[in-house]
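Coordinates in review
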Amino acid sequence: MHEAPPTPSGASTTPSGAPTTPPGAPTTPAEPLEHGLKQRHLTMLGLGGVIGAGLFVGSGAGIAVAGPAIVVSYLIAGALAMLVMRMLGEMSAAMPASGSFSVHAERALGRWAGFSVGWLYWFLLVVVLAVEATAAAQIAHGWVPTVEPWAWVLLFMVVFTAANLAAVKNFGEFEFWFASLKVGAIVVFLVLGGLAVFGLLPDTDPVGMTNLTGQGGFLPNGWGGVVSGVLTVVFAFGGLEVVTIAAAETDDPARAVGRAVRSAVVRILFFYVGSMLVIVTVLPWTAQQAGLSPYVKVLDSIGVPSAGQIMNIVVFVALLSALNANLYGSSRMVFSLAERGEAPRGLLKVSGGSPGKAGGVPRRAVLASVAFGFVSVLLNLLWPDTVFLYMLNSVGAVLLFVWALIAASQLRLRARLEREAPGALALRMWWFPYLTWLTLAGLLGVLVLMLTDADARPQVLWSAGATALVLLVAVGRQWRERRSPASTGR
């Protein structure tokens, strides 16, 4: 991997630099990446990483199927995401690494698991990157019709590639301000919505509970609607994982990831659930439509001028933020794969030095990720309903597979850490192992429910096919290495 000697993960050091990790703790080679991210960057990345178009626009589809009970759907989906993040935070605080859960999966389950989850997550990010770039370009084209969407896509990709190539602190600053705007927008929305509920805004009367109990009641479509709502909104929580990837590029990864995870999950639940509660209280749930932002409808109803244009700006920023985060996350994941011999070792080159020299940006990994991102964008522009649709379906359920492997890895590593290095457990999963098993059961339940849903079924089947293909490659690689006389002995 690197020429630098291994540094125990989750370890603190004495003033002289001597490690104080408990004996037996797992070790991680020192990363050659620049430690340019600050705690504020990581905290805002955690808060803003999942606040995107899925919340501002996609939540309308959830309200349409669940009614006011979409609040329950978000609570269930948010609880799953929070539990997964707690598990991931526990492992990342004890063993911080740029590959995060891919590294954890390799240590817990074997090389096949690290290879599979790493490449699946990389593929997920670079495909979704194309959706975000294209959607942001459509908004920009509406503002400046003389510039074609493809030109906007090119501009976005070039700008964020340059930002990610320059220094990790550039990524951190972009995400800090993007996330600040998104968080600020939601806070203002919650304040205005809360005032409207109690009739404290000009020309408004108290809403009361009318919209929560009318129009078919709180459960207009029964618990089946709640379940459908979970299937609609659970993927909106994807993106939190990047926090644990970014933690490896802070000065104190163990402490930074612990703080970020603790602050992010509760606040994100508050933003999501709070927003949904305001929306279904201010307006009847029947007023919402899939594809239209419920935030715009609420702001229009309480008399906020140019609400649609304001929300367009917020969604635009959210899409660019997600694009930036996905480019960063994909580059670090493929860099980590290269560190472990699961990707071309040429991707280990960092700016300003060799792979064994600390400090720098993995520029080749960034370029490799953005290159496939450009391919994805091109496919999305040329064949959105055929080739790109198949690619999108092939990653549609990958997030659930990744979360399941995170839970399985935590089951194995937690037992190992408690036995060998309990002092490394700075952040602990609640009620282990019961909540871990419950999370796994919940993720399996979501996958089964997706199979019973005609719209979601293709995503599960295509994603299962993509996962099976990657697993086949992983097993084949291991079999070939074991039979090869030139095996490195890994």
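Quantities reported herein were computed from a predicted structural model and do not represent experimental measurements.

When its secondary structure is counted, the chain shows 19 helices and 2 strands. Buried positions account for 55% of the 490 residues belonging to the chain. Considering only contacts in the chain between residues 6 or more positions apart, those separated by 24 or more positions represent 78%. Counting only carbon and sulfur atoms, one obtains 67% of the accessible surface of the chain, whose full area is about 19600 Å².

Glancing now at the packing of aromatic side chains. Two descriptors summarise a pair of aromatic rings, namely the distance from one centre to the other and the angle between the planes of the rings. Following the criterion strictly, the structure yields 20 aromatic pairs and no others. Relative to F316, the ring of F156 lies with its centre 5.7 Å away and its plane at 65 degrees, an arrangement referred to as edge-to-face. Of this pair, F156 sits in helix α7 (residues 149–166) while F316 is found in helix α14 (residues 307–339), placing the two residues 160 residues apart along the sequence. Each ring, one from F174 and one from F178, has its centre 5.9 Å from the other, and the planes form 35 degrees; the classification is tilted. With F174 and F178 both in helix α8 (residues 168–197), this residue pair falls 4 residues apart, about one helical turn. Looking at F174, the relative accessible area reads 30%, which means it is partly exposed. These aromatic residues form a ring-pair network of at least three members: F115, W119, W122, F123 and F372.

Let's shift gears to the packing of helix α3 (residues 59–66) against helix α10 (residues 222–233). Two numbers describe how α3 lies on α10: the axes approach to 8 Å, and their chain directions differ by 170 degrees. Here α10 runs roughly antiparallel to α3, going by the angle between their axes. In the crossing of α3 with α10, the sense of the turn from one axis to the other is right-handed. On the side of α3, the interface is formed by A61, G62, V65 and A66, while α10 contributes G225, V226, S228, G229 and T232. Here the residues of the contact of α3 with α10 sort into 4 nonpolar, 5 polar and no charged.

On the secondary structure map, S100 appears in the loop between α4 (70–94) and α5 (101–109). Polar contacts involving the side chain of S100 include one to the side chain of T244, which spans 2.7 Å. Not counting the four nearest positions on each side in its chain, S100 is found in contact with L88, S92, T244 and I245.

On to the side chain of E249, then. Looking at the element boundaries, E249 is found in the loop between α11 (242–246) and α12 (253–282). For E249, the side chain forms a polar contact with the side chain of Y328, separated by 2.7 Å. Within the local environment of E249, its side chain forms a polar contact with the side chain of R332, the two groups lying 2.7 Å apart.

When pLDDT is averaged along the chain, the result is 81; 89% of the residues meet or exceed 70. When mean pLDDT is compared element by element in the chain, helix α18 (residues 434–452) scores highest at 92, while strand β1 (residues 6–8) scores lowest at 35. Predicted confidence for residues 353–359 stays below pLDDT 50, and this span has 17 contacts to residues more than four positions away or in other chains.

With that settled, consider the packing of α4 against helix α17 (residues 398–420). Contact geometry for α4 and α17: axes closest at 9 Å, N-to-C directions at 45 degrees. Comparing the axis directions of α4 and α17 gives the class oblique. Read as a crossing pair, α4 and α17 show a hand that is left-handed. Only W403, I406, A407, S409, Q410, L413, R414 and L417 of α17 make contact with α4, whose side of the interface consists of A81, V84, M87, L88, E90, M91 and A94. Across the contact of α4 with α17, the residue classes tally to 11 nonpolar, 2 polar and 2 charged.

Time to look at α3. Buried within α3 are the following residues: S59, G60, G62, I63 and A66. The buried residues of α3 occupy an angular sector of 160 degrees when the element is viewed end-on, so they sit on one face. Following α3 by one or two positions, G67 adopts a phi angle in the positive range, close to 70 degrees.

Our next topic: the pattern of salt bridges. Taken as a whole and assessed by the stated rule, the structure comprises 9 salt bridges. One salt bridge in this structure joins R414 and E90, with 2.7 Å as the shortest N-O distance. One end of the pair, R414, is in helix α17; the other, E90, is in helix α4, with 324 residues separating them in the sequence. Here R414 and E90 have matching classes, each one buried.

Another aspect to go through is a nonpolar patch on the surface. A grouping of W150, L154, V158, F374, L378, L381, L382, W383 and V387 is seen on the molecular surface, where their side chains present a nonpolar patch of about 840 Å² in accessible area. Breaking the nonpolar patch down by element, the ones donating at least two residues are α7 and α15 (363–382). At 4 residues, the largest contribution of residues to the nonpolar patch is made by α15. Position of W383 relative to the elements: it lies in the loop between α15 and α16 (387–394). Classification of W383 as partly exposed rests on a relative accessible area of 44%.

Residue placement: A464 occurs in helix α19 (residues 457–483). With a relative accessible area of 34%, A464 lands in the partly exposed category. C-alpha of A464 to C-alpha of A397: the two residues are 67 residues apart in sequence and 7.9 Å apart in space.

What follows concerns unusual backbone geometry. Between F432 and the following residue, P433, the backbone shows a cis peptide bond with an omega angle of 0 degrees. Assignment of secondary structure puts P433 in the loop between α17 and α18. Within the chain, Q215 stands out as a residue other than glycine whose phi angle is a positive 55 degrees. Secondary-structure assignment places Q215 in the loop between α9 (210–213) and α10. The backbone of W431 shows a phi angle near 45 degrees, a positive value even though the residue is not glycine. For W431, the location among the structural elements is in the loop between α17 and α18. Exposure remark for W431: the relative accessible area of 67% places this residue in the exposed category.

Definitions and limits used
Residues numbered from 1 in each chain as written. Predicted model: local features only at pLDDT ≥ 70, side-chain atom pairs only at ≥ 80, totals over all residues. Heavy atoms only, no water. Helix = DSSP H or I, 4+ residues; strand = E, 2+ residues; numbered from the N terminus. Buried < 20%, exposed > 50% of the residue type's maximum accessible area, 1.4 Å probe, protein only. Contact = heavy atoms within 4.5 Å. Areas by Shrake-Rupley, 256 points an atom, 1.4 Å probe, with all protein chains shown as cover. Phe/Tyr/Trp six-rings, centres within 6.5 Å; stacked < 30°, edge-to-face > 60°. Axes fitted to C-alpha atoms, helices over the stretch in contact; angles between N-to-C directions. Parallel < 35°, antiparallel > 145°, perpendicular 65-115°, else oblique. Left-handed = near helix turned anticlockwise from the far one by under 90°. Nonpolar A, V, L, I, M, F, W, Y, C, P; charged D, E, K, R; others polar. Polar contact = N/O pair within 3.5 Å; in protein donor to acceptor, adjacent residues only side chain to side chain. pLDDT = per-residue confidence, 0-100. Arc of directions from axis to C-beta. Salt bridge = Lys/Arg side-chain N within 4 Å of Asp/Glu carboxyl O. Patch = residues over 30% accessible without salt bridge, like charges linked within 9 Å, V, L, I, M, F, W, Y side chains within 5 Å.

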